[in-house]
Amino acid sequence: MTYSGVVKVGGPADVHELTDLMISKVAVGPMDNNSYLLRCRATGEQLLIDAAADAGTLLSLIGDDSIASVVTTHRHGDHWQALAEVVAATGARTYAGRYDAEGIPVATDVPVDDGDVITVGRVGLTARHLVGHTPGSIALVYDDPHGHPHVFTGDCLFPGGVGNTRQDAEAFTRLIGDVESKLFDRLPDETWVYPGHGKDTTLGAERPRLPEWRARGW
């Protein structure tokens with residue numbers, strides 16, 4: 001079936017089947033967060049990005065194979081409401097950006113820095129530290145050897161703009177600068193973007209609007 005990336009709370013996951021990786025996207029919680037379950041097709045190992053809410057939904061999606069790891073993209077509470085319950089049920093290792101770990105009330109086993117590689121089975125995800133939405137937000141880049149890259153951006157990049165910087169001009173300048181230099185400048189237009197809320201996009205769809213975003217300041 002064709003992957004659309006359109007999901008709703010209480011509805012089924014949408015599954016993006018790649019050659020080496022399966023990506024299941026599900027919407028959870030009152031703030032319509034996206035959680036992503038990644039499964040290495042060679043080994044069956046699984047990793048969850050953002051145990052945002054609705055632990056029962058996430059554990060059902062994870063299934064009997066459990067997960068080896070869970071990555072929290074940033075410290076905001078709507079992205080870790082189910083983290084404690086998911087970790088208790090699975091024993092998963094926890095990952096988060098080094099500068100956001102102290103704001104997450106579940107211990108971070110592995111603090112993540114820019115350029116670190118997090119593995120799920122035989123698949124590697126490269127972390128990119130993006131400052132502005134929070135001090136330690138991270139995006140995860142999967143450079144698919146059989147196709148185009150895929151990037152999980154948390155709340156740092158959405159269709160139509162970067163994440164909320166609460167009208168802080170300095171934070172906005174830092175965030176859009178990091179998003180440009182670490183994502184747009186390094187990755188091709190075909191790169192698929194999986195955000196922390198709402199619909200997916202591609203870097204190519206958003207790239208022409210970067211000057212507009214800078215001009216408006218959000």
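Since this is a predicted model, take the numbers as computed values, not measurements.

**Q** Explain the environment of Thr-108 to me, using residue names and the numbers behind them.
**A** Positionally, Thr-108 belongs in the loop between β6 (93-97) and β7 (110-112). Residues Thr-108 and Arg-98 lie 10 residues apart in sequence; the distance between their C-alpha atoms is 8.8 Å. Residues in contact with Thr-108, not counting those within four places in the same chain, are Thr-94, Tyr-95, Ala-96 and Ala-101.

**Q** Talk me through the sheet that holds strand β4 (residues 46-49); I want residue IDs and the actual numbers.
**A** The sheet built from 7 strands is open, its strands ordered β1-β2-β3-β4-β5-β6-β7 with mixed pairing. Among the strands making up the open sheet, the edge pair consists of β1 (14-17) and β7. Taking the axes of each pair of neighbouring strands and ignoring which way they run, one obtains an average angle of 20° across the sheet. Summarising the sheet, strand β3 (residues 33-40) and β4 pair through 4 bridges and their orientation is antiparallel. Each bridged residue has a counterpart across the sheet, and for Leu-38 the counterpart in β4 is Leu-47. In the packing of helix α1 (residues 55-62) onto the sheet, the strands contacted are β2 (21-28), β3 and β4, and the crossing angle to β2 comes to about 160°.

**Q** So what's going on with the pattern of salt bridges? Which residues, and what values?
**A** Inspection of the entire model under this criterion finds 12 salt bridges. In this structure, Arg-39 and Asp-65 form a salt bridge, with 2.9 Å as the shortest nitrogen-oxygen distance. One end of the pair, Arg-39, is in strand β3; the other, Asp-65, is in the loop between α1 and β5 (69-72), with 26 residues separating them in the sequence. Arg-128 serves as the salt-bridge partner of Asp-114, at 3.3 Å between the closest nitrogen and oxygen. A residue pair is termed long-range when its members are at least 10 positions apart, and Asp-114 in the loop between β7 and β8 (117-120) and Arg-128 in strand β9 (residues 123-130) qualify at 14 residues.

Rules used throughout
Residues numbered from 1 in each chain as written. Predicted model: local features only at pLDDT ≥ 70, side-chain atom pairs only at ≥ 80, totals over all residues. Heavy atoms only, no water. Helix = DSSP H or I, 4+ residues; strand = E, 2+ residues; numbered from the N terminus. Contact = heavy atoms within 4.5 Å. Pairing = 2+ DSSP bridges. Axes fitted to C-alpha atoms, helices over the stretch in contact; angles between N-to-C directions. Salt bridge = Lys/Arg side-chain N within 4 Å of Asp/Glu carboxyl O.

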